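Fold and geometry: a report
This is what each chain is made of:
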Amino acid sequence: MPYGVSQNMVEICIRGQIRLLDINEALPVKCKKSDVKEFPRLPIPSSLPKPQFQVKQSYNKTLAPKRAASYFRYIEKSLEELDQEIEYDMDEEDYAWLDIMNERRQEHSHSKVPCEIFEQLMDRFEKESYFESQTSGSVYDPLIDEDAVCCICNDGECSNSNVILFCDMCNLAVHQDCYGVPFIPEGQWLCRRCLNSPSKPVDCVLCPSKAGAFKQTECNRWVHVLCALWVPEVHFSNPVFLEPIDSINEIPAARWKLTCYICRRREGACIQCVRTNCYTAFHVTCAQQAGLHMKIETYQDEAGNSTVKNVAFCDIHTPADSDVTPLIRRVNDESDAEEGKKVKRKSILLDKKLQQKLKKKFSCEAGANAPIVNIPHIKEVGVV
């Protein structure tokens, strides 16, 4: 059947048989006379009906109800009442964790912890922690910045299927696709660093930066997602969830020996400028902080297959049509050497913003962009 004809046909099933009907043809309807009901026709009025009313002589108006002598008034709770009020509500994770702990307690002949006691303890822990932070002055209240950009792609654009997620502990901003979160989680969302290592700072294997979006490797080490995307030998075991990160051992020894010309450190694995005969090396995170031209381009090879290529330039070889301006600039300084010869030395001029970023990046205090959280562990004491 041609496509144009099939668009005007309707397929129906009558008594187990499939039939095709044309929507443009009239459909005959057969019925018995006994099934047809005749309704009596109402007479058409010759004029509009006139209203009828009656005046009552003995009509008394009802009085409004009397006002009550007392009024409802909101009274704020006292500090003693607020202290006794429990505001913590258990969720599914709390129920599952409490079941596991009660099973362990039964193995050691301990009594079970009821849900009411658990909520009371958690409510007390949260309030005491908040009061302590208020008195010590170390209040950490992360605010969501509407103009925040993804720390991986450095872009603030988002869509319904690729929104920017914020970590509830460190306020890290990442795209769903950039960090490998295919579905928007319900309730609290924590990045992998805050989920697996909330109280211990982590170090990236490929760069000296301690801040950013981390994921774990197969051997439980930590690597920036940005570094894993740009170092050519590194890959992701699962391309959807972007974890774990593997192929760290396939990085050649020569890459580990490169020195970053921005931070001037020989630490981690650097990438190099793609310009021919340019061997300038830099860390991926240093290049992002310095505003270097870094683009992921898609092109077709000779066979017609689409291929993705990472393109990164140093500050000298930045393309003229680039939409970024590097915060670092290298100039040639000529100084007289021995025998009257001029020797060209390259000095680096850093922008003030980049200097502050590098100081914050490698400082111990700002190394972890999340507060240090001490997680208490309840020791099980045997019954004497």
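Further up the page is the structure itself.
Since this is a predicted model, take the numbers as computed values, not measurements.

Cut-offs applied
- Residues numbered from 1 in each chain as written.
- Predicted model: local features only at pLDDT ≥ 70, side-chain atom pairs only at ≥ 80, totals over all residues.
- Heavy atoms only, no water.
- Helix = DSSP H or I, 4+ residues; strand = E, 2+ residues; numbered from the N terminus.
- Areas by Shrake-Rupley, 256 points an atom, 1.4 Å probe, with all protein chains shown as cover.
- Buried < 20%, exposed > 50% of the residue type's maximum accessible area, 1.4 Å probe, protein only.
- Core = buried A, V, L, I, M, F, W, Y, C linked by side-chain atoms within 4.5 Å.
- Pairing = 2+ DSSP bridges.

1. Some remarks on the overall build of the protein chain
When helices and strands are tallied, the protein chain shows 10 helices and 14 strands. Surface accessibility of the protein chain: about 29900 Å² in total, with carbon and sulfur atoms responsible for 52%.

2. Details of unusual backbone geometry
In this structure, proline 244 follows glutamate 243 across a cis peptide bond, with omega equal to -10°. The residue proline 244 is located in the loop between strand 7 (235-236) and strand 8 (245-246) in this model. Although it is not a glycine, asparagine 171 adopts a positive phi angle of roughly 65°. Mapped onto the fold, asparagine 171 is located in the loop between strand 3 (164-166) and strand 4 (173-175). Note on asparagine 171: relative accessible area 23%, which makes it partly exposed.

3. Topic: the nonpolar core
Note on soluble globular proteins: their nonpolar side chains tend to be buried together. Ranked by size, the top nonpolar core spans 59 residues in total, and within it Ile152, Cys167, Tyr179, Leu206, Val223, Ile262 and Phe282 carry the most contacts. Of all the secondary-structure elements, those providing two or more residues to this core are helix 5 (176-179), strand 6 (222-224), helix 7 (225-230), strand 10 (281-282), helix 9 (284-290) and strand 12 (306-312). Looking at this core, the element that brings in the most residues is helix 7, giving 5 residues.

4. Concerning the pairing of strand 2 (residues 17-22)
Bridge count for strand 1 (residues 9-14) against strand 2 is 6 bridges, and the pairing is antiparallel. Looking at strand 2, one finds that cysteine 13 is bridged to isoleucine 18. Here strand 1 hands over to strand 2 after 2 residues, with arginine 15 in that stretch at a positive phi of 55°.

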